[in-house]
Amino acid sequence: MRRVGGTAAYLALLLATHVAVFHVLSPGAREDVLRAISTNLADMGWTAPFRLVGSALVADTSGTVLDNVLIIGLGVTVCLGYLEYRLGLLRAASVFAITHVAVTLIVLAVVAVAVSTGRYPGEVEHDLDYGVSFGALGAIGAVTTFLPKPLRVPWALIAVLFPLTAADWYGLLPDYSTVGHCLSAAIGVVLSFTLVRRRTSPTPTE
């Protein structure tokens, strides 16, 4: 457990915040909390740093069972845990944080341009946007380098393209969540062969 203590602690924190936000708070208080940590375009401003951190501390479990299994089960529990096991807490957390922050900011730019050009409806600027999916997909992409060589390309392609199967399309442009999920997996794959691959020491035994 010591080898994946950071991932275990993060999962425990996500469970605690889920219980507190969705099972303890009143509906009005819940809405206030989620609005306070949401990274949607309309609410971002000087509170952006707080929102970038806060949005990664509450998992969005409103999707399907498969969505939750892929994000929490595969992405955080398995892949982030494996990255911590192989690379240590700092590098694993860096993969998650880099993906979460970078993709959130890119998605904000995509929303701004798409709304201004009429590709997205204006109300998407106000959509609640929080959760761990960007970081989780980054972790899924980042384990690519540890797979047997014949599996690396198929794994990377599935990780990057699978989100498109659930996309809502606005002409040729998928919804901003799908854009973020595809980008997260792609950035994770890139990190897999840069930040991750530089660590060439064997699996720790302590």
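Refer to the structure above for everything that follows.
What this report covers is the structure whose coordinates are included nearby.

What counts, and where the lines are drawn
Residues numbered from 1 in each chain as written. Predicted model: local features only at pLDDT ≥ 70, side-chain atom pairs only at ≥ 80, totals over all residues. Heavy atoms only, no water. Helix = DSSP H or I, 4+ residues; strand = E, 2+ residues; numbered from the N terminus. Rg over C-alpha atoms; globule rule 2.2 N^0.38 Å. Buried < 20%, exposed > 50% of the residue type's maximum accessible area, 1.4 Å probe, protein only. Contact = heavy atoms within 4.5 Å. Areas by Shrake-Rupley, 256 points an atom, 1.4 Å probe, with all protein chains shown as cover. Lys, Arg positive; Asp, Glu negative; His and termini not counted. Charge placed at Lys NZ, Arg CZ, Asp CG, Glu CD. Expected span 1.5 Å × (residues − 1). Phe/Tyr/Trp six-rings, centres within 6.5 Å; stacked < 30°, edge-to-face > 60°. Axes fitted to C-alpha atoms, helices over the stretch in contact; angles between N-to-C directions. Parallel < 35°, antiparallel > 145°, perpendicular 65-115°, else oblique. Left-handed = near helix turned anticlockwise from the far one by under 90°. Nonpolar A, V, L, I, M, F, W, Y, C, P; charged D, E, K, R; others polar.

1. A short note on the overall build of the protein chain
Right, on to step 1. A count of helical and extended segments in the protein chain gives 8 helices and 2 strands.
Right, on to step 2. In the protein chain, the succession of α and β elements from N to C terminus is α-α-α-α-α-α-α-β-β-α.
Right, on to step 3. Computed over C-alpha atoms, the radius of gyration of the protein chain comes to 17 Å, within 12% of the 17 Å expected from 2.2 N^0.38 for 206 residues, which places it in the range of a compact globule.
Right, on to step 4. Its C-alpha atoms give the protein chain principal-axis dimensions of roughly 50 × 40 × 35 Å.
Right, on to step 5. Looking at the protein chain as a whole, 39% of its 206 residues qualify as buried.
Right, on to step 6. Across the protein chain, every contact between residues at least 6 apart in sequence was considered, and the portion connecting residues at least 24 apart equals 76%.
Right, on to step 7. A total of about 10,600 Å² of accessible surface is found on the protein chain, and carbon and sulfur atoms cover 70% of it.
Right, on to step 8. The centroid of the 13 positive side-chain charges in the protein chain is displaced by 20 Å from the centroid of its 13 negative side-chain charges.

2. What about helix α5 (residues 89–116)?
Right, on to step 1. Taking 1.5 Å per residue, 28 residues should reach 40 Å; α5 reaches 41 Å between its end C-alpha atoms and fits that length.
Right, on to step 2. Those residues of α5 lying buried are Ala92, Val95, Phe96, Thr99, His100, Val103, Thr104, Val107, Leu108, Val111, Ala114 and Val115.
Right, on to step 3. Once α5 finishes, glycine 118 follows within two positions and takes phi at roughly 80 degrees, a positive value.

3. A short note on the packing of aromatic side chains
Right, on to step 1. According to the stated counting rule, one finds 4 aromatic pairs in the structure shown.
Right, on to step 2. Measuring from ring centre to ring centre gives 5.4 Å for tyrosine 10 and phenylalanine 96, while their planes differ by 75 degrees; the resulting arrangement is edge-to-face. Note that tyrosine 10 is positioned in helix α1 (residues 5–24) and phenylalanine 96 in helix α5, a separation of 86 residues in sequence.
Right, on to step 3. Tyrosine 10 sits in the buried class, given a relative accessible area of 13%.
Right, on to step 4. Look at tyrosine 120 and tyrosine 170: their rings are 5.0 Å apart centre to centre, the planes differ by 70 degrees, and that puts the pair in the edge-to-face class. Of the two residues, tyrosine 120 sits in the loop between α5 and α6 (133–142) while tyrosine 170 sits in strand β1 (residues 169–170), which places them 50 residues apart along the sequence.
Right, on to step 5. Ring pairs connect the aromatic residues Tyr82, Tyr85 and Phe146, which therefore count as one cluster.

4. Overview of the packing of helix α4 (residues 65–87) against α6
Right, on to step 1. Interaxial distance between α4 and α6 falls to 8 Å at its minimum, and their mutual angle equals 50 degrees. It follows that α4 is oblique to α6 by the angle criterion. As α4 runs across α6, the sense of the crossing is left-handed. Of the residues in α6, those touching α4 at Leu70, Ile71, Leu74, Gly75, Val76, Cys79, Leu80 and Leu83 are Ser133, Ala136, Leu137, Ala139, Ile140 and Ala142.
Right, on to step 2. A per-class count over the contact of α4 with α6 returns 12 nonpolar, 2 polar and no charged.

By themselves these figures say nothing about function.
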